[in-house]
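Coordinate analysis (summary)
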Amino acid sequence: MRCPRDQCTLIEPGSPQLSLYADNGIHCCEKCQGMLLDAEAAQSSIAREILNQMHEAFTVEGNEVALDCPTCETKMRVRTIVFRKPDGSETEPIELDGCPSCSSFWFDADELQSLTPSLEVTEEVPEVAGALAVLIQMLLLLPYRIF
Ligand SMILES: [Zn+2]
Ligand SMILES: [Zn+2]
């Protein structure tokens with residue numbers, strides 16, 4: 001599978017062997033640190049359920065964007081999503097690209113980073129990908145609203 005932004009080959013969830021990648025079906029782009037989440041590839045049933053619920057919102061609405069779904073090559077759609085934090089406040093809205101056909105989502109690194117301004121994506125800091133993956137895993141456990 002290839003990154004929809006820069007066409008680099010995405011790293012499969014199994015390599016490196018990090019359970020949170022496998023749990024959430026995360027394919028990561030080494031170049032831009034963007035992440036593909038796929039309900040089909042998620043090993044955690046909770047993650048699969050949440051991703052399938054989020055997918056519903058993309059089947060009915062959303063503006064088509066110039067991104068081909070890395071999984072099935074359908075044109076993806078964009079929607080705005082806000083997560084509610086445990087203290088009751090809400091995260092900054094982020095733009096989430098989702099496939100109307102299969103249950104894949106694309107998280108751009110800079111969208112995720114807007115939630116954690118301290119992270120900086122540079123080639124010297126590959127562990128940012130790990131931090132972003134942790135962030136995604138936390139987000140998926142929070143209630144959310146899609147606009
Ligand atoms: Zn990329
Ligand atoms: Zn798709």
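Quantities reported herein were computed from a predicted structural model and do not represent experimental measurements.

Analysis parameters
- Residues numbered from 1 in each chain as written.
- Chains lettered and ligands numbered in written order.
- Predicted model: local features only at pLDDT ≥ 70, side-chain atom pairs only at ≥ 80, totals over all residues.
- Heavy atoms only, no water.
- Helix = DSSP H or I, 4+ residues; strand = E, 2+ residues; numbered from the N terminus.
- Donors = N, O, S within 2.8 Å, 3.2 Å for Na, K, Ca; no water.
- Buried < 20%, exposed > 50% of the residue type's maximum accessible area, 1.4 Å probe, protein only.
- Core = buried A, V, L, I, M, F, W, Y, C linked by side-chain atoms within 4.5 Å.
- Contact = heavy atoms within 4.5 Å.

**Focus on unusual backbone geometry**
Unlike most non-glycine residues, Q33 shows phi in positive territory, near 65°. Assignment of secondary structure puts Q33 in the loop between β1 (26–28) and β2 (35–38). With phi around 70°, E73 is a residue other than glycine that occupies positive phi space. Its location among the elements puts E73 in the loop between β3 (63–68) and β4 (75–83).

**Focus: the coordination of the zinc ion (ligand 1)**
Coordination of the zinc ion (ligand 1) by the protein involves C3 (SG), D6 (OD), D6 (OD), C29 (SG) and C32 (SG), with metal-donor separations of 2.2 to 2.7 Å. A relative accessible area of 0% places C3 in the buried class.

**Looking at the nonpolar core**
Here is a general trend for soluble globular proteins: nonpolar side chains tend to be buried in one another's company. Counting residues in each nonpolar core, the largest one holds 32 residues, and the members touching the most others are Y21, M35, L37, F105, F107 and I136. Looking at this core, the element that brings in the most residues is helix α4 (residues 127–140), giving 8 residues. Beyond its immediate stretch of four places on either side in the chain, F105 contacts M35, L36, L37, L51, M54, H55, F58, M76, L96, D97 and G98. By size, the runner-up hydrophobic cluster in this structure holds 10 residues, among which are L36, L67, M76 and C102.

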